[in-house]
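# Examining the three-dimensional arrangement
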Amino acid sequence: MKIFAALYVFAYFLIRYVLLERITGSEIAIYAFEVFFVVVGLFVFKFTKPKWVRINPIGLLITLVCGGFVFCFTQLNSWIVPLDFQSIQTVVLLLIVAPILEEFIYRYALWNAIERVGNVRISFALTSVLFSLSHFYAYFFVPEEYKGFVTFQAIYTLGLALTCGYQRMKKNSVFPAIVLHFLFNLGFYIAGYSLSIS
């Protein structure tokens, strides 16, 4: 099972970032593959059912504020954020797809596969770094004016990944990570939307 788990992780990055990204470039194909990847992981590894757990309300508020602060920091540095905050597509991607799909990929599917090969600490560290690098990957394809933001995004997503990963490790559930990711993105969105309508 360890060899299969390692191949599962390797296959994700090969298919997602080499085949789909470079050959098709289709966001729909990429999202469909990611959903398929998570579903396969659920059946192949017979992962434990995710459970709901309590999360500290102060931690939730801090996460929301951090998301807003991160957006404000991009503006202080004149980094262009490549999102249209008045678009329904941005709302769906930032507040629904990203928190749920990314957390199920990194803090559930990849986490459990890596844990089978190593241990929970290796899963915590590796999924956090991979999550950050997955956001930096765009650096090589975006126009020059977005590169400052993408670089900063890789830094703040590492912090978000470590926070979500810590909660995943502490609570043994993916749901705190989803909630924290959602709140961080919500804070980011509220700040971005407020600026876009002013």
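Residues numbered from 1 in each chain as written. Predicted model: local features only at pLDDT ≥ 70, side-chain atom pairs only at ≥ 80, totals over all residues. Heavy atoms only, no water.

What follows concerns the layout of surface pockets. In this model, the largest pocket occupies a volume close to 1,300 Å³. If you trace the largest pocket, you find 42 residues lining it, with Tyr-31, Glu-102, His-135, Ala-138 and Gln-153 closest to the centre. Elements that contribute at least two residues to the lining of the largest pocket include exactly α1 (2–24), α2 (27–44), α4 (88–117), α5 (120–136), α6 (147–171) and α7 (175–197). Ranked by residue count, the leading element in the lining of the largest pocket is α4, at 10 residues. (1 Å grid on protein atoms, 1.4 Å probe; cavity = no way out; pocket = protein on both sides within 12 Å on 5 of 7 lines; lining within 4 Å. Points joined across faces, edges and corners; volume = space filled by probe spheres on them. Helix = DSSP H or I, 4+ residues; strand = E, 2+ residues; numbered from the N terminus.)

This part covers the environment of Asn-56. As for its position among the elements, Asn-56 is in the loop between α2 and α3 (57–76). Taking the C-alpha atoms as reference, Asn-56 lies 26 Å from Gln-153; in sequence the two are 97 residues apart. Only 2.8 Å separates the side chain of Asn-56 from the backbone nitrogen of Ile-58, close enough to count as a polar contact. (Polar contact = N/O pair within 3.5 Å; in protein donor to acceptor, adjacent residues only side chain to side chain.)

Scanning the model with the defined rule gives 2 salt bridges in all. With a closest N to O distance of 2.9 Å, Glu-34 and Arg-16 form a salt bridge. Here the residue Glu-34 occupies a position in helix α2, and Arg-16 occupies one in helix α1, the gap between them amounting to 18 residues. Here Glu-34 and Arg-16 have matching classes, each one buried. (Salt bridge = Lys/Arg side-chain N within 4 Å of Asp/Glu carboxyl O. Buried < 20%, exposed > 50% of the residue type's maximum accessible area, 1.4 Å probe, protein only.)

Just geometry here; none of it tells us what the structure is for.
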